[in-house]
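Next come the chains, spelled out residue by residue.
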Amino acid sequence: MQYHWLNQKRNRSLVIFFAGWSFDYKPFEILDCENFDVLVFYDYTEHSIPVEIPEYEKYYLITWSMGVYIAYLLRDSLPEFEKKIAINGTPFPIDNTLGIPRRTFDLTLKFVDTGLEGKFQRNLFDSEEDYNKYLKNPVLRDIPNQAGELKALNDFISNTEYSYEKFYDCAIVSEYDRIIPPKNQLNCWNERAKVCVLKSGHFPFFEFDGWKDILEKCN
């Protein structure tokens, strides 16, 4: 796992963000940090917290896509949070009714190299406009690195048994998500978390000005 401080100015509150598979911190530089320090985790080839988390008065957890699952598994290594938000992801990453359908995941894995060159990235967004915004500030990782992460995740998920206990307070679900079916996300969060639906694609972060906006979306 890798980490990056988007903001580290010894503010009173820390946002810990777990990004999705194939991503890094770069596309999230668009979000205003305001009075939050922001620590981003990404690249889940390994599954342990790679940095000592400093002491803050308050902590907030925001997770996206595969990061929803990884953060849940690592919850005992994380601080106590004021609020925990899942965005377009579930604690059941490969599941025909609660996550990514197995056939969809297997096809993504099989064609990961060519998919990352175009179709997969395009499917993250609901509109060409948002896709073009992303291309102005894309991830820095190369395709072999991203592909290796997905293969490692497949092995890890296939060999990890666990049960889900209520953890997340709120789930943000994008109505036009092409990566994880919105129906499956809604099935997952039914009676497990408060749900907020956005008219957006899998990558919904252009809908927000900053991290505070995301936290306030789930009041």
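Residues numbered from 1 in each chain as written. Predicted model: local features only at pLDDT ≥ 70, side-chain atom pairs only at ≥ 80, totals over all residues. Heavy atoms only, no water.

### Considerations on the packing of aromatic side chains
Working definition: an aromatic ring pair is given by the centre-to-centre distance plus the angle between the planes. This model, assessed by the stated rule, comprises 33 aromatic pairs. Taken together, a centroid distance of 5.8 Å and an interplanar angle of 80° make the contact between Phe 17 and Phe 205 edge-to-face. With Phe 17 in strand β2 (residues 13-18) and Phe 205 in the loop between β7 (194-198) and α8 (211-217), the pair connects residues that are 188 residues apart, well separated along the chain. Comparing Phe 17 with Phe 205 shows no difference in burial state: the two are buried. Taken together, the ring pairs connect Phe 17, Phe 23, Phe 28, Trp 64, Phe 125, Tyr 131, Tyr 134, Phe 203, Phe 205, Phe 206 and Trp 211 into an aromatic cluster. For the cation-ring pair, Arg 75 lies above Tyr 72, with the distance from its terminal atom to the ring centre recorded as 3.9 Å. (Phe/Tyr/Trp six-rings, centres within 6.5 Å; stacked < 30°, edge-to-face > 60°. Helix = DSSP H or I, 4+ residues; strand = E, 2+ residues; numbered from the N terminus. Buried < 20%, exposed > 50% of the residue type's maximum accessible area, 1.4 Å probe, protein only. Lys NZ or Arg CZ within 6 Å of the ring centre and 35° of its normal.)

### Considering helix α1 (residues 66-73)
Each α-helix turn comprises 3.6 residues. Residues three or four places apart therefore point the same way. Here α1 lies mainly inside the structure; seven of its eight residues are buried. Looking at the buried residues of α1, the elements they touch are β2, β4 (58-64), β5 (83-87), α2 (102-110), α6 (143-158) and α7 (182-189). (Contact = heavy atoms within 4.5 Å.)

### Some points on the packing of α2 against α6
One way to put it is that α2 packs onto α6 with a least axis distance of 10 Å and a crossing angle of 145°. Of the two elements, α2 crosses α6, and the hand of that crossing is left-handed. For the pair α2 and α6, the contacting residues are Arg 102, Phe 105, Thr 108 and Leu 109 in the first and Leu 150, Lys 151, Asn 154 and Ser 158 in the second. Taken together, the residues of the contact of α2 with α6 sort by class into three nonpolar, three polar and two charged. (Axes fitted to C-alpha atoms, helices over the stretch in contact; angles between N-to-C directions. Left-handed = near helix turned anticlockwise from the far one by under 90°. Nonpolar A, V, L, I, M, F, W, Y, C, P; charged D, E, K, R; others polar.)

### A word on the pattern of salt bridges
Throughout the structure, instances matching the rule amount to 11 salt bridges. Overlapping salt bridges, with partners in common, bring together Asp 43, Arg 141 and Glu 149 in one network. (Salt bridge = Lys/Arg side-chain N within 4 Å of Asp/Glu carboxyl O.)

### A look at the pairing of strand β3 (residues 36-42)
Regular strands show a simple pattern: their side chains alternate between the two faces of the sheet. Most of β3 sits inside the fold, with seven of its seven residues counted as buried. Pairing between β2 and β3: six bridges, direction parallel. Residue pairing across strands places Phe 18 opposite Phe 41, the latter belonging to β3. (Pairing = 2+ DSSP bridges.)

### Overview of a nonpolar patch on the surface
Together, Leu 186, Val 195 and Val 197 give the surface a local cluster of nonpolar side chains, amounting to about 220 Å² of exposed area. Looking at Val 195, the relative accessible area reads 32%, which means it is partly exposed. (Patch = residues over 30% accessible without salt bridge, like charges linked within 9 Å, V, L, I, M, F, W, Y side chains within 5 Å. Areas by Shrake-Rupley, 256 points an atom, 1.4 Å probe, with all protein chains shown as cover.)

### Observations regarding helix α5 (residues 128-135)
Turning to α5, its buried residues number three or more, namely Asp 130, Tyr 131 and Tyr 134. The buried side chains of α5 occupy one side of the element, clustering within an arc of 100° when seen end-on. Packed against the buried residues of α5 are α4 (119-123). (Arc of directions from axis to C-beta.)

### Here's the deal with the packing of α1 against α6
Contact geometry for α1 and α6: axes closest at 13 Å, N-to-C directions at 50°. Taken together, the axis directions place α1 and α6 in an arrangement best described as oblique. Two packed elements cross with a definite hand, and for α1 against α6 that hand is left-handed. Residue-level contacts link Met 66, Tyr 69, Ile 70 and Leu 73 of α1 to Leu 153, Phe 156 and Ile 157 of α6. Its residues assigned to classes, the contact of α1 with α6 shows seven nonpolar, no polar and no charged. (Parallel < 35°, antiparallel > 145°, perpendicular 65-115°, else oblique.)

That is the geometry; function is a separate question.
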